[in-house]
Amino acid sequence: MASSRARILVCFLALLLAACAQSGGGAGGGPNPGPAPTRKAEKAPTPVVDPKPLSPDPSPLSNDSHVGNLNFDPALTPKQKGAFVTAMAYLAQTDTLDTDPKLLALMKIRRADARSLRDWIESRVQFILAADVNLQDRIEVLDRNFTAYENPGEVPASSRPANDTKASVVMSNLGVAVYLAGKNRNALFGLKTDSHGVVPVSSPRTGILRAGDGLFLVPAKAASAVKVFHLATLIHESRHSDGHGTTTGFLHAICAEGDYKGEAACDHNTNGPYVLEALVTKAFLKRCGSTCTNVDRKVMEAMLADVSQRQIIDAETKEWPDSPEGKRR
Amino acid sequence: MKRLLFALAAASLVSGTVFWLMSGSEPPAVGVPTIEKTEEKVAEKPAAPAPAAAPTSAELPDAEAESFSRQLEAAALSLPTIDAIQALPKAAKHRPPPAVLEAGVKLGEIEDRVDKNPALAPKAAAFFESCAKNPHLALSVRAICLTSLRNSAAKHGTIADETGISAEVSQLAKKLQD
C-alpha cells in the first residue's frame, strides 16, 4: 500500500517522449552546447537573503514580451499575459507576509517579502508558453548522445501519464518534463524561444511553464483571491523546478485519501509544491484579515482547503532534498 | 443525484424555516436532524452566546426570506460533490478545481447577505451545518462550510452544532483556522 502510494508519476513525460521522438527523428540533431556541469553531490544551496529587506520592491517591468524575468511566448493571449503581470504587480505591492516560519525555511528565504518571493520564482521560471503549444515545433534535439547529466540513472519513478485531452490547463511545469525526457534518453533537448533563441534544457531550473485558460476559470468576483491563486500557482509550479536524482521535479504521488484519492495529485514529502502553496496561501489569507471581502476570504479558504488535503503523511513522509539538478544556461 | 438530494434537503430545510417564519409558530420538524439538535442545544445551554442579532419572524420580511431561500437552494445545487471532483480530467485535478473555488464565492455571498441582514443568520447557519455534514460533498467544501458555521456562531451568535461532522472535515477546517 505504502509502496503504491509512494509511486511518483512523471506527468507528461510519455507524451513528451512521443513528441520528441518524432521531432528528433527528423531534425538531424543540432548544435552541441557542450557538456552540462556535473555536480554529483552538491550541498544545499546557500539561502537567498535579501540584504535590503525593508526597501520596497518596484513593480516588475513588463511589456508584451515579459514581466520581470518571466518571458512570454508570443502565442500567449493578452489575457493570459495579463494574469501574470497582474499577479506579479500584486506581489510587488505586498508587504512582508506574516508567515509560518516553516515556509521561510523551506523556501530558504529570510522573510516572505515581495522581492524574496519574486526572486524565488524567477530563479525557477523563465519562459511561459501557451498550453496548446506544439512541442514538435518548439523542442529540438541539441545532442543525441549527451552523457553529462548529473545523477545518471537516477530519475523519479514514472508511470503512465493521463490522457487529458479535455482538461483545461491552469499551469504546468513543462521544463521538468523536457529535462527528464532528455535525461532518460541521454539526449539534450532545447527550447526554441523568440527572446533567447534555442535554450538548452540542461536543468529543470531552465524554467518552462505552460499556461492555459484554466487560469481564468477562477471566479472573477474574487478579485484579490484570483491574484493570490495565480501567485500560489506560480509558486507551486516553480517548486517543480527543484530537486535532483529521484526527487527531480518534486513530482506528485498518488493520494491516499480525500477528494483526490487514487489520483497523482498529492505530495509525499514535507516540502513539495502543495505544501509550499498551502503555506503561501495561508499567509495571504492571514494578511486578508478584516480587509478582504467575504467572497475573497472564502475563495482563499477554498484554495487552502483544497491543497491542504494533498499531503500524504505516513512513516515514509520526509523532507526531500531540493537542490536543483543541472544548471540553467 | 447526490447533489439533488442535498439540494432537496436544503430546500426542505429552508422552506420549513420559511414556513416557521411566516406562521410565527414553533419550527416544524422537517426531518433534518440538525434542526432538532439545535433546539436541544438551545434548551440545554441557555448560556450560549446570545444571538444579539437573531431575528424574530416579524423582523424578516417574507420577500427577503424567500429570496434568501432561493439563494441557499441555488448554492446547494452548485456545491461540488466528491463524485464530481473525481470525474474531472486528471490534469484538472492538479490545481484546485473551479467548482471548489466557486463554492467559496457562494459561501462568501451568503455571508455578505447575512452581514447586511443578521436576521438571516439562523437560516445561513443551518445551511452551513447541513453542508458541513453532507458526506457526498467535496471534503474541501465541507471544511469551508464548517468555518462559515463557526464564524456565524462567533459573529451572529448562531448555534454551531458540530456533532456528526466527520473528523477529516474538522481536521481540515482546523488547518484553515490555526
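The structure presented is a predicted model; accordingly, all values stated were derived computationally and were not measured.

1. Points about the overall build of chain B
Then, in step 1: Across its full length, chain B holds 8 helices and 0 strands.
Then, in step 2: In chain B, the succession of helices and strands from N to C terminus is α-α-α-α-α-α-α-α.
Then, in step 3: A buried classification covers 46% of the 178 residues belonging to chain B.
Then, in step 4: By sequence separation, contacts in chain B at least 24 residues apart represent 72% of the contacts at least 6 residues apart.
Then, in step 5: For chain B, the exposed area adds up to about 7,800 Å²; of that, 61% sits on carbon and sulfur atoms.

2. Considerations on unusual backbone geometry
Then, in step 1: Despite not being glycine, Lys108(A) has its phi angle at roughly 55°, a positive value.
Then, in step 2: Its place among the elements puts Lys108(A) in the loop between helix H4 (101-107) and helix H5 (114-122).

3. Description of the nonpolar core
One broad trend across soluble globular proteins is that nonpolar side chains are buried collectively.
Then, in step 1: Within the largest apolar cluster, 98 residues are counted, with the highest numbers of intra-cluster contacts made by Phe84(A), Ile128(A), Met300(A), Ile110(B) and Phe127(B).
Then, in step 2: The element best represented in this core is helix H9 (residues 273-288) of chain A, accounting for 10 residues.
Then, in step 3: If we skip the residues at most four places from it in the chain, Ile110(B) touches Phe68(B), Gln71(B), Leu72(B), Ala75(B), Ala124(B), Phe127(B) and Phe128(B).

4. Observations concerning the sheet that holds strand S3 (residues 127-130) of chain A
Remark on secondary structure: sheet strands pair via backbone hydrogen bonds, oriented parallel or antiparallel.
Residues and elements named next belong to chain A.
Then, in step 1: Read from one edge to the other, the open sheet built from 5 strands follows the order S1-S2-S3-S8-S5, with strand pairing classed as mixed. Of all strands in the sheet, those bounded by a partner on one side alone are strand S1 (66-67) and strand S5 (171-173).
Then, in step 2: Here S5 runs beside strand S8 (residues 208-211); their pairing, made up of 3 bridges, is antiparallel. Paired with Ser172 across the bridge in S8 is Arg210.
Then, in step 3: Where helix H7 (residues 174-185) meets the sheet, its contacts fall on S3, S5 and S8, and the angle it forms with S5 comes to roughly 30°.

5. Here we look at the environment of Val141(A)
Then, in step 1: Tracing the backbone shows Val141(A) in strand S4 (residues 139-143).
Then, in step 2: Along the backbone, Val141(A) and Gly190(A) are 49 residues apart, and their C-alpha atoms lie at a distance of 6.1 Å.

6. Concerning the state of the cysteines
Residue and element names in this part refer to chain A.
Then, in step 1: Evaluated as defined, the whole model comprises 3 disulfides over all chains.
Then, in step 2: In this model, Cys255 is linked to Cys266 through a disulfide, with the two sulfur atoms separated by 2.1 Å. Looking along the S-S bond of the Cys255-Cys266 disulfide, the torsion reads about 110°, which is the right-handed sense. Note that Cys255 is positioned in the loop between strand S9 (253-254) and strand S10 (264-266) and Cys266 in strand S10, a separation of 11 residues in sequence. Each member of the pair, Cys255 as well as Cys266, carries the same accessibility label: buried.
Then, in step 3: Bridging Cys288 to Cys292, the disulfide has an S-S length of 1.8 Å.

7. A closer look at the sheet that holds S4(A)
All names here are of chain A.
Then, in step 1: Taken in spatial order, the 3 strands make up an open sheet running S4-S6-S7, and their pairing is antiparallel. The open sheet has two edge strands with one neighbour each: S4 and strand S7 (197-200). Shown here is a sheet whose adjacent strand axes are inclined to one another by a mean of 40°, direction ignored.
Then, in step 2: Note: strand S6 (residues 188-193) against S7, 4 bridges, orientation antiparallel. Residue pairing across strands places Gly190 opposite Pro200, the latter belonging to S7.

8. With respect to the pairing of S6(A)
Residues and elements named next belong to chain A.
Then, in step 1: Here S6 lies mainly inside the structure; 5 of its 6 residues are buried.
Then, in step 2: Pairing geometry for S4 and S6, over 4 bridges, is antiparallel. Across the sheet, the residue bridging to Asp143 is Leu188, located in S6.
Then, in step 3: Hairpin connection of S6 to S7: 3 residues between the antiparallel strands.

9. Structural notes on the interface of chain B and chain A
Then, in step 1: Listed by partner, the interface residues are 36 residues for chain B and 42 residues for chain A.
Then, in step 2: Together, the buried faces of chain B and chain A total about 3,200 Å²; carbon and sulfur atoms form 58% of this surface.
Then, in step 3: Of all residues in chain B, the largest losses of buried area upon contact with chain A belong to His94(B), Arg95(B) and Leu101(B), amounting jointly to 23% of the total for that side.
Then, in step 4: Here chain B and chain A share 5 salt bridges between them.
Then, in step 5: Summed over the shared surface of chain B and chain A, the number is 21 residue pairs in polar contact (both at pLDDT 80 or more).

10. Brief notes about the packing of helix H5 (residues 98-116) of chain B against helix H6 (residues 121-132) of chain B
Each packed pair of helices is defined by two parameters, the angle between the axes and the distance between the axes.
Residues and elements named next belong to chain B.
Then, in step 1: Two elements in contact, H5 and H6, have axes whose closest approach is 9 Å; the angle formed by their N-to-C orientations is 160°. Accordingly, the angle class assigned to the pair H5 and H6 is roughly antiparallel. As H5 packs across H6, the resulting crossing turns out to be left-handed. Residue-level contacts link Leu107, Ile110, Glu111 and Val114 of H5 to Ala121, Ala124, Phe127 and Phe128 of H6.
Then, in step 2: Broken down by class, the residue content of the contact of H5 with H6 amounts to 7 nonpolar, no polar and 1 charged.

11. Topic: the side chain of Ser241(A)
Residues and elements named next belong to chain A.
Then, in step 1: Relative to the elements of secondary structure, Ser241 occurs in the loop between helix H8 (223-239) and S9.
Then, in step 2: Looking at Ser241, the relative accessible area reads 0%, which means it is buried.
Then, in step 3: Among the polar contacts made by the side chain of Ser241, one reaches the main-chain carbonyl oxygen of Arg124 at a distance of 2.9 Å.
Then, in step 4: Residues contacting Ser241, with those up to four places away along its chain left out, are Arg124, Asn173, Pro204, Arg205, Gly207 and Pro324.

12. Overview of the packing of aromatic side chains
Aromatic ring pairs: the centre-centre distance and the angle between the two ring planes describe each pair.
Residue and element names in this part refer to chain A.
Then, in step 1: Scanning the model with the defined rule gives 6 aromatic pairs over all chains in all.
Then, in step 2: Measuring from ring centre to ring centre gives 6.1 Å for Phe72 and Phe84, while their planes differ by 45°; the resulting arrangement is tilted. A residue pair is termed long-range when its members are at least 10 positions apart, and Phe72 in strand S2 (residues 70-72) and Phe84 in helix H3 (residues 78-92) qualify at 12 residues.
Then, in step 3: Centre to centre, the rings of Tyr90 and Phe284 are 6.1 Å apart; their planes meet at 25°, and the pair counts as stacked. Taken together, the residues span a long stretch of sequence, with Tyr90 in helix H3 and Phe284 in helix H9 at a distance of 194 residues.
Then, in step 4: Residue classification places Tyr90 among the buried positions, given a relative accessible area of 13%.
Then, in step 5: Connected via pairs of aromatic rings, a cluster forms that spans Phe146, Tyr149 and Tyr179.
Then, in step 6: Across the ring face of Phe250, the terminal group of Arg239 is positioned such that the distance to the ring centre comes to 4.6 Å.
Then, in step 7: The aromatic ring of Tyr260 is capped on one face by Arg310, whose charged end is 3.8 Å from the ring centroid.

Rules of the game
Residues numbered from 1 in each chain as written. Chains lettered and ligands numbered in written order. Predicted model: local features only at pLDDT ≥ 70, side-chain atom pairs only at ≥ 80, totals over all residues. Heavy atoms only, no water. Helix = DSSP H or I, 4+ residues; strand = E, 2+ residues; numbered from the N terminus. Buried < 20%, exposed > 50% of the residue type's maximum accessible area, 1.4 Å probe, protein only. Contact = heavy atoms within 4.5 Å. Areas by Shrake-Rupley, 256 points an atom, 1.4 Å probe, with all protein chains shown as cover. Core = buried A, V, L, I, M, F, W, Y, C linked by side-chain atoms within 4.5 Å. Pairing = 2+ DSSP bridges. Axes fitted to C-alpha atoms, helices over the stretch in contact; angles between N-to-C directions. Disulfide = S-S within 2.5 Å. Buried area = accessible area lost by both parts, 1.4 Å probe. Salt bridge = Lys/Arg side-chain N within 4 Å of Asp/Glu carboxyl O. Polar contact = N/O pair within 3.5 Å; in protein donor to acceptor, adjacent residues only side chain to side chain. Parallel < 35°, antiparallel > 145°, perpendicular 65-115°, else oblique. Left-handed = near helix turned anticlockwise from the far one by under 90°. Nonpolar A, V, L, I, M, F, W, Y, C, P; charged D, E, K, R; others polar. Phe/Tyr/Trp six-rings, centres within 6.5 Å; stacked < 30°, edge-to-face > 60°. Lys NZ or Arg CZ within 6 Å of the ring centre and 35° of its normal.

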